[in-house]
Amino acid sequence: MKVQPSVLVHLGYGKYVRSDQVTAVMPIEQERGPGRRTLVHMLGQDEPLVGSRAEDSIVRDLVQEPKEVTQSRQQQEILRDLLMDLGNVNATVRRIARDEGGLDLERLERRIREVVEE
């Protein structure tokens, strides 16, 4: 598990903290109730914040990659797969796709390669 730096983590009821500033997450065992589920200790603060979410939910958000990063990685994988498949398309099929369907596979292959190599 790795904490993702500078990601905002929701503690509940409009409270957010930076993931790399959290030093400890502890369940509230006494006087636990609505709006009082977890103590979140922060770097440089003497008193912990009170979170209304359960500690396992907060920890999961602390170590989880942001959705955008995960989606970007998946999109890169799809583009690499598509690039590999396009490399297997023979010249005749490329010509037919371009002339009959208006799909220029060579241009598409170049654009994907530019994106993947960045």
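It should be noted that the structure appears before, not after, this text.
Residues numbered from 1 in each chain as written. Predicted model: local features only at pLDDT ≥ 70, side-chain atom pairs only at ≥ 80, totals over all residues. Heavy atoms only, no water.

Regarding the nonpolar core
(1) Moving on: Ranked by size, the top nonpolar core spans 8 residues in total: Val9, Leu11, Val17, Val22, Val40, Met42, Ile58 and Leu62.
(2) Moving on: Among the secondary structure elements, those contributing two or more residues to this core are strand 1 (8-12), strand 4 (38-42) and helix 1 (55-63). (Core = buried A, V, L, I, M, F, W, Y, C linked by side-chain atoms within 4.5 Å. Buried < 20%, exposed > 50% of the residue type's maximum accessible area, 1.4 Å probe, protein only. Helix = DSSP H or I, 4+ residues; strand = E, 2+ residues; numbered from the N terminus.)

Re the pairing of strand 4
(1) Moving on: By the alternation rule, side chains of strand 4 split into Thr38, Val40 and Met42, which are all buried, and Leu39 and His41, of which none is buried.
(2) Moving on: Both strand 3 (residues 22-27) and strand 4 contribute to a ladder of 5 bridges, which runs antiparallel. Its bridge partner being in strand 4, methionine 26 is matched across the sheet by leucine 39.
(3) Moving on: Pairing of strand 4 with strand 5 (residues 49-51), which is carried by 3 bridges, proceeds in the antiparallel orientation. Each residue of the ladder has a partner; that of valine 40, found in strand 5, is leucine 49.
(4) Moving on: Hairpin connection between strand 4 and strand 5: a loop of 6 residues separates the two successive antiparallel strands, and glycine 44 in this loop has a positive phi of roughly 80°. (Pairing = 2+ DSSP bridges.)

A word on unusual backbone geometry
(1) Moving on: Here the phi dihedral of tyrosine 13 falls at roughly 50°; this positive angle occurs in a residue that is not glycine.
(2) Moving on: Looking at where tyrosine 13 falls in the secondary structure, it is placed in the loop between strand 1 and strand 2 (15-18).
(3) Moving on: Residue classification places tyrosine 13 among the exposed positions, given a relative accessible area of 68%.
(4) Moving on: Despite not being glycine, glutamate 31 shows a phi value in the positive range, around 60°.
(5) Moving on: Within the element layout of this structure, glutamate 31 appears in the loop between strand 3 and strand 4.

Examining the pattern of salt bridges
(1) Moving on: Summed over the entire model, instances satisfying the criterion amount to 5 salt bridges.
(2) Moving on: Glutamate 109 is the salt-bridge partner of arginine 94, the closest N and O atoms lying 2.9 Å from each other. Taken together, the positions of arginine 94 in helix 3 (residues 91-101) and glutamate 109 in helix 4 (residues 105-117) put the pair 15 residues apart, joining distant regions of the chain.
(3) Moving on: Given the relative accessible area of 12%, glutamate 109 is considered buried.
(4) Moving on: With a shortest N-O distance of 3.3 Å, arginine 98 and aspartate 99 are connected by a salt bridge.
(5) Moving on: Here the salt bridges do not stand alone but share partners, grouping Arg94, Glu109 and Arg113 into one network. (Salt bridge = Lys/Arg side-chain N within 4 Å of Asp/Glu carboxyl O.)

Quick notes on the sheet that holds strand 3
(1) Moving on: Judged by pairing direction, the sheet is antiparallel, and its 3 strands sit side by side in the order 3-4-5 without closing on themselves. The open sheet is flanked by strand 3 and strand 5, the only strands paired with a single partner. The average angle at which neighbouring strand axes cross in this sheet is 25°, direction not considered.
(2) Moving on: Against the sheet, helix 1 engages strand 3 and strand 4, with an angle of about 155° to strand 3. (Axes fitted to C-alpha atoms, helices over the stretch in contact; angles between N-to-C directions. Contact = heavy atoms within 4.5 Å.)

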